[in-house]
Structure formats: C-alpha cells, structure tokens
Amino acid sequence: MSVSWETLELHTAQPFGIARWTHSVYPRTIVTFTQDGIVGRGEAAPNAFYGETHGTVEAVLPLLAEALTDPWDWDGLRAGLTARMPHDHPSVKCALEMAALEWCAVSVGLPVWKLLGLSPAPLPRSSYTVSLADIPDMRRQAREAVAAGHTVLKVKLGTERDTAILEALREEAPKVALRVDANAAWTRPQAKRMLGVLDAARVELLEQPLAADDLAGHAELRRLSRVPLVADESLHHVRDVIALAEAFDGVNLKLAKLGGPLQALAALRLARAHGLSVMIGCMIESSLGISAAAHLAGLCDWADLDGALLLADDPFTGLEWTAGELARPQGVGWGVTRG
Ligand SMILES: [Mg+2]
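These numbers were taken from a predicted model, which means no experiment stands behind them. (Residues numbered from 1 in each chain as written. Predicted model: local features only at pLDDT ≥ 70, side-chain atom pairs only at ≥ 80, totals over all residues. Heavy atoms only, no water.)

**Q** Honestly, the coordination of the magnesium ion in this entry has me stumped. Any pointers?
**A** Six octahedral donors around a metal ideally make angles of 90 or 180 degrees; four tetrahedral donors ideally make 109.5 degrees. Here the magnesium ion is held by the protein donor atoms Asp181 (OD), Glu207 (OE) and Asp232 (OD), which lie 2.1 to 2.3 Å from it. Linear spacing of the donor residues for the magnesium ion on their chain is D-x25-E-x24-D. Here aspartate 181 is found in strand β6 (residues 177-181), whereas its partner glutamate 207 is found in strand β7 (residues 203-207), with 26 residues between them in sequence. For aspartate 181, a relative accessible area of 0% puts it in the buried group. (Donors = N, O, S within 2.8 Å, 3.2 Å for Na, K, Ca; no water. Helix = DSSP H or I, 4+ residues; strand = E, 2+ residues; numbered from the N terminus. Buried < 20%, exposed > 50% of the residue type's maximum accessible area, 1.4 Å probe, protein only.)

Here it is as structure tokens:
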C-alpha cells in the first residue's frame with residue numbers, strides 16, 4: 001500500500017481573470033493510492049482564497065496521506081484527516097478522498113457514481129466562463145464560446161465598468177443564458193445599483209455579489225432581487241450551508257473547497273433540506289477533478305464545470321463535451337486516463 005503524488009503545472013489557454021486576480025499557471029497535485037495492484041487517483045486544486053497554495057499542499061500531504069490506510073473506510077479516512085488538520089487544506093482532503101473512492105470503484109469494476117448509488121439523470125448544461133478582461137477581449141471570449149456551441153455563459157464581474165461589460169456581452173450573445181459571478185467584489189450600494197442592470201440583461205443567476213462574511217447584506221439584497229443569489233465564497237464547510245439558507249437562494253458546491261465528493265454530497269443533502277438550489281462548480285483543474293464533480297452533477301440544478309476546458313494542457317482525457325454539454329463520465333473509476 002502506498003500514497004504518492006506529483007505536482008503538475010497546468011496552463012490556461014488564455015489568462016484567466018476574476019475580481020481578485022488574473023493567472024495563467026495553475027499547479028495541481030495528482031495523488032495516487034496503490035494497493036494490490038489497483039490504483040485510485042485524486043486531484044488537489046488549491047485556491048488561495050481558502051488558504052491553500054501548491055506549497056501548503058505539498059507541505060501537508062505527508063501528514064494527511066497517513067490517514068488513507070483502508071480505502072473502504074470512508075468514515076475512518078474523514079476522521080483521520082480531521083484529527084490531523086481539523087479545518088484547513090480542503091483540496092488535499094479532496095484528493096485523498098477521491099483516490100480512496102476510485103480505488104474502491106476500480107476494485108469492483110464500477111464507475112464511482114454507481115459505487116455511490118448516485119442518480120443516472122442527465123447532467124445540467126455547464127456554463128462556460130467569460131473571464132474578466134477589457135471589454136473587446138470579453139466580447140471575443142463570448143463570441144468564440146457561442147461559436148463553439150456554448151449556450152450558458154458565466155461572466156466574471158467586480159469592477160467599476162460592470163454595467164458596460166454586461167451590456168456589451170448581452171449584445172454580443174443575445175440568445176445565451178447569462179450568469180454573473182462578482183466574486184465577492186461588490187459593495188452593498190453597488191450591488192443594489194446592479195440589480196436593474198442584471199434584470200435588463202436577463203441574467204439567470206448572480207453568484208456571490210458581496211463579501212463572504214456579509215450574510216446580512218446578502219439577505220437584504222435577496223429581498224430586493226428578482227435574480228437568484230448563489231453563495232460561493234461564503235461556503236467553505238458543510239456546516240456553513242445552514243446559515244446561508246436565509247441569505248441565498250442557492251449554493252455553489254466545489255469539491256476542492258469542501259474537502260471531497262462525500263463532503264460535497266453531505267452539503268448537497270443539507271442544502272436540499274434547507275430549500276436551497278444547488279450548483280456544482282469547480283476550480284481551474286484537470287479533467288480528473290472535473291470528472292469527480294461531474295459525477296454529482298446529475299443531482300444539481302446548475303453546473304459550472306468548465307475548469308478543464310479552459311486549459312491548454314489538460315493531462316487527462318475521457319470526458320466528452322458536445323457543444324458545451326458534458327456527458328456523464330463513462331468507464332470504471334473516475335473514467336479519465338492520463339496522457
Ligand atoms: Mg464563483
């Protein structure tokens with residue numbers, strides 16, 4: 001039995017900008033669990049907003065990997081990870097949980113979604129992200145996405161020129177479903193001013209307009225908004241879901257911030273119990289991480305799983321995209337192959 005890992009430098013085809021930053025290089029750590037000749041794999045996609053970098057991933061992996069001994073003991077793995085690092089390093093925990101689940105699925109010859117008894121329902125159409133840049137470049141991104149068959153665009157906002165951006169994109173892509181993600185960058189007055197602009201642009205949903213800890217602000221905005229509000233940065237842990245039910249209409253679940261597929265499933269159940277809609281989201285990550293999220297997508301209302309589509313050098317193959325529509329992953333385990 002062994003756990004090993006390798007950090008790969010992945011590159012987006014174009015610089016990827018949101019309100020907080022713009023990057024082109026994304027180090028991602030692939031974790032491999034091997035026992036009895038069977039291999040299970042997971043991906044750590046760290047995000048600085050949640051306190052992680054590739055440096056912290058590599059620093060804590062030797063300690064957290066000790067928790068993965070019996071791949072079938074999922075509760076024991078979770079307890080071991082929590083005992084070693086109670087709150088932090090969710091992307092590392094995600095990678096280890098993914099590796100355990102794939103090992104089990106491969107050992108019984110099943111896709112992970114069947115191992116977990118998940119819905120075989122079709123996946124909701126994924127959005128494709130128009131990243132923050134100057135307006136001509138954002139227009140170009142939207143034009144190219146539409147030409148590639150995407151029918152749902154998610155626009156990154158969080159600037160003083162958001163109204164002009166949204167009007168330009170609606171003009172460029174009049175028929176697509178348009179979602180907006182402000183990445184926690186708006187002030188309360190700015191968000192209130194934007195509500196009319198969102199309506200005029202027929203925006204389908206608004207993700208994380210205000211600061212992550214401003215639940216009162218989001219609750220107030222929700223009362224004024226005809227567009228559903230979806231929490232992303234405000235949701236770090238499964239337990240956060242309960243407090244978010246008053247302030248938001250939905251939650252964006254990402255495996256890398258919640259600590260793995262089983263944690264995301266727990267958050268999903270809690271969200272449904274509290275009447276919340278559910279989006280399955282992702283970081284910029286390879287098709288390995290995207291496949292794990294796609295396994296849960298049939299249970300969700302919205303999908304935002306374009307992370308690997310934005311890469312120039314995705315090291316995994318096996319996911320099937322047709323005009324922006326992601327097919328349920330096929331094949332044993334996570335259903336993706338390196339190389
Ligand atoms: Mg977001």
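On we go from here.
**Q** So what exactly am I meant to see when it comes to the pattern of salt bridges here?
**A** A side chain with one charge can pair with a side chain of the opposite charge if their charged atoms come near. Applying the stated criterion to the full structure yields 24 salt bridges. As a salt-bridge pair, lysine 154 and aspartate 304 come within 2.6 Å of each other at their nearest N and O atoms. Within this pair, whereas lysine 154 is found in strand β5 (residues 152-156), its partner aspartate 304 is found in the loop between β11 (302-303) and β12 (316-317), the two being separated by 150 residues in sequence. Judged by relative accessible area, aspartate 304 falls into the buried class, the value being 3%. (Salt bridge = Lys/Arg side-chain N within 4 Å of Asp/Glu carboxyl O.)

**Q** What is the right way to read the packing of aromatic side chains from this model?
**A** Aromatic rings in a pair are described by how distant their centres are and how their planes are angled relative to each other. Overall, the coordinates contain five aromatic pairs when judged by the stated rule. Geometrically, the ring pair formed by phenylalanine 49 and tyrosine 50 is edge-to-face, given 5.1 Å between the ring centres and 80° between the ring planes. Judged by its relative accessible area of 28%, phenylalanine 49 is partly exposed. The interplanar angle of 25° and the centroid separation of 6.2 Å between the aromatic rings of tryptophan 72 and tryptophan 74 together place this pair among those described as stacked. For tryptophan 72, a relative accessible area of 41% gives the class partly exposed. Above the plane of the ring of tryptophan 113 lies arginine 328, whose end atom (NZ or CZ) is 4.5 Å from the centre. (Phe/Tyr/Trp six-rings, centres within 6.5 Å; stacked < 30°, edge-to-face > 60°. Lys NZ or Arg CZ within 6 Å of the ring centre and 35° of its normal.)

**Q** I tried to follow unusual backbone geometry on my own but got confused; where do I start?
**A** Most peptide bonds take the trans configuration, and most residues that are not glycine carry a negative phi. Even without being a glycine, histidine 89 presents a positive backbone phi close to 65°. Along the polypeptide, histidine 89 turns up in the loop between α2 (74-84) and α3 (90-107). Although it is not a glycine, glutamine 208 adopts a positive phi angle of roughly 40°. For glutamine 208, the location among the structural elements is in the loop between β7 and α8 (215-224). For glutamine 208, a relative accessible area of 0% gives the class buried.

**Q** So what exactly am I meant to see when it comes to the packing of helix α1 (residues 54-64) against α3 here?
**A** To describe two helices that pack against each other, one gives the angle between their axes and the distance between the axes. Relative orientation of the contacting elements α1 and α3 amounts to 50°, with a least axis distance of 10 Å. By the angle between their axes, α1 is oblique relative to α3. When you trace α1 past α3, the crossing you get is right-handed. Seen from α1, the contacting residues are Val57, Val60, Leu61 and Leu64; seen from α3, they are Ser91, Val92, Lys93 and Leu96. Each residue belonging to the contact of α1 with α3 can be placed in one class, and the counts come to six nonpolar, one polar and one charged. (Axes fitted to C-alpha atoms, helices over the stretch in contact; angles between N-to-C directions. Parallel < 35°, antiparallel > 145°, perpendicular 65-115°, else oblique. Left-handed = near helix turned anticlockwise from the far one by under 90°. Contact = heavy atoms within 4.5 Å. Nonpolar A, V, L, I, M, F, W, Y, C, P; charged D, E, K, R; others polar.)

**Q** Explain the domain arrangement of the protein chain here, please?
**A** By a widespread convention, an interface's size corresponds to the accessible area lost as its parts come together. According to the domain assignment, the protein chain consists of domain 1 (2-108) and domain 2 (115-338). Between domain 1 and domain 2, the C-alpha centre-to-centre distance is 22 Å. Contact residues are listed per partner, giving 41 residues for domain 1 and 50 residues for domain 2. Summing both sides of the interface, domain 1 and domain 2 together bury roughly 3,600 Å²; the carbon and sulfur share of this comes to 64%. Taken together, domain 1 and domain 2 are joined by two salt bridges. (Domains from an automatic or database assignment. Buried area = accessible area lost by both parts, 1.4 Å probe.)

**Q** Any chance you could explain the packing of helix α7 (residues 188-200) against α8 here in plain terms?
**A** Relative to each other, α7 and α8 sit at 15°, their axes nearing to 11 Å. In terms of their interaxial angle, α7 and α8 are classed as roughly parallel. Taken as a pair, α7 and α8 cross one another with a handedness that is right-handed. Counted together, Arg188, Ala191, Lys192 and Leu195 of α7 and Ala216, Gly217, Glu220, Leu221 and Leu224 of α8 form the full contact between these two elements. The residue makeup of the contact of α7 with α8, split by class, is five nonpolar, one polar and three charged.

**Q** What should I look at first to understand the nonpolar core in this one?
**A** What tends to happen in soluble globular proteins is that the nonpolar side chains get buried as a cluster. With 108 residues, the main nonpolar core has Leu166, Trp186, Ile280 and Leu305 as its most contacted residues. Two domains share this core, each providing at least three of its residues, namely domain 1 (2-108) and domain 2 (115-338). In contact with leucine 166, not counting residues within four places along its chain, are Leu157, Leu178, Val180, Met194, Val197, Leu198, Ala201 and Val203. (Core = buried A, V, L, I, M, F, W, Y, C linked by side-chain atoms within 4.5 Å.)

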